[in-house]
Amino acid sequence: MIRTALGASTIILAVAAASPLCAQSHGGERLPEVMVLGTYHFANPGLDVVQTEIADVLSPPKQREIGRIVEALARFRPTKIAVEVDPASGPRLDSLYQAYRSGRHELSRSESQQLGFRLAARFDHPRVHPADHGGEFPFNAMMEYAQTHDPDFVTFIEQELARITEQANRRQRELTVGQILRAMNDPEKIAEGHGIYMRFSEVGAGDTYVGADLLAEWYRRNIMIFANLQRLAEKGDRILVIFGAGHAPILRELITYDPDLVLIEAQAYLPAG
């Protein structure tokens, strides 16, 4: 009976969420639409657990590819663009963006500038919005505990990191930037990648909960980012969120369940080929 009741309520929620009236307006006002574009870090700052050999996005071929991505994303007609920059660095972000608009700054390799600045300038936005929030990611503490108490988990992580690194490096060699972003923003691939994070909570369960602490910190950071997006959103907005792909699953989940926001799929606005 519990399963039946849960199933019925799930169906009701699904139907309500699918209704254009529920999804698009409250009181006749159009709800903010939010697109989360998960990316790899174009500048490769070396801060991620997975280390990838990134093709130089400033090379002429990659610049042409990025140009095609900008053209495709422009179809979304964003009214605001949020990037993975901490609000404390907002003044510098503003300064660089204004310098770019006036021809005094050449774009860096970062996706915030290569995609964010270009699109914002195209639509004459007054600024690009910093929406990140710093946080802890005690990955090493989890792995040190697992070395002694859960060697199978260590093997699992080592194998997954090797697989993900090989896949990312192959994509960099063989695919365009647009093709890579399409793959990274496939909802099935997003869910698959997030599943690895779910395994973290098993480490130290019933003892130190070191894995659960790591997962909680990752969610906490993304919830803070989401709060920044909520504060930014206004009726009628179309917000493009450009963040590392690891953030996409949680941000998408939070946006989906916020009755005042509408999630837009990035894949529909990326180059097909």
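Residues numbered from 1 in each chain as written. Predicted model: local features only at pLDDT ≥ 70, side-chain atom pairs only at ≥ 80, totals over all residues. Heavy atoms only, no water.

Structural notes on the overall build of the protein
Put simply, the test is: Labels follow the DSSP assignment, with helices taken as runs of H or I lasting at least four residues and strands as runs of E lasting at least two, numbered in each case from the N terminus. Type-normalised accessible area, obtained with a 1.4 Å probe on protein chains alone, sets the label of each residue: buried when under 20%, exposed when over 50%, and partly exposed for intermediate values. Any two residues having at least one pair of non-hydrogen atoms within 4.5 Å are treated as being in contact. Every accessible area reported is derived by Shrake-Rupley at a probe size of 1.4 Å, with residue values counting cover from the shown protein chains alone.
Scanning the protein for helices and strands turns up 11 helices and 7 strands. Scored against the burial criterion, the 273 residues of the protein give a buried share of 43%. The long-range share in the protein, meaning contacts at least 24 apart out of those at least 6 apart in sequence, stands at 79%. Surface exposure of the protein reaches about 14300 Å², of which carbon and sulfur atoms provide 54%.

Some remarks on helix α11 (residues 248-257)
Within the span of α11, buried status applies to Ala248, Pro249, Ile250, Leu251, Arg252 and Ile255. Check the buried side of α11 and you find it contacts β3 (33-39), α9 (187-200), α10 (210-232), β6 (238-244) and β7 (262-264).

Digging into the pattern of salt bridges
Oppositely charged side chains can pair when the atoms bearing their charge come close. To be explicit about the condition: Salt bridges are counted wherever a side-chain nitrogen of Lys or Arg sits within 4 Å of a carboxyl oxygen of Asp or Glu.
Inspection of the entire model under this criterion finds 16 salt bridges. For Arg221, the salt bridge goes to Glu84, with nearest N and O atoms at 3.6 Å. Linking Arg221 in helix α10 with Glu84 in the loop between β4 (80-83) and α4 (90-101), this pair joins segments that are 137 residues apart in sequence. Taking the shortest distance from any N to any O, the salt bridge between Glu192 and Arg163 comes out at 3.9 Å. With a gap of 29 residues between them, Glu192 in helix α9 and Arg163 in helix α7 (residues 151-174) connect regions that are remote in the sequence. Ionic contacts of the salt-bridge type, sharing partners, join the residues Glu160, Arg163, Lys189 and Glu192 into one network.

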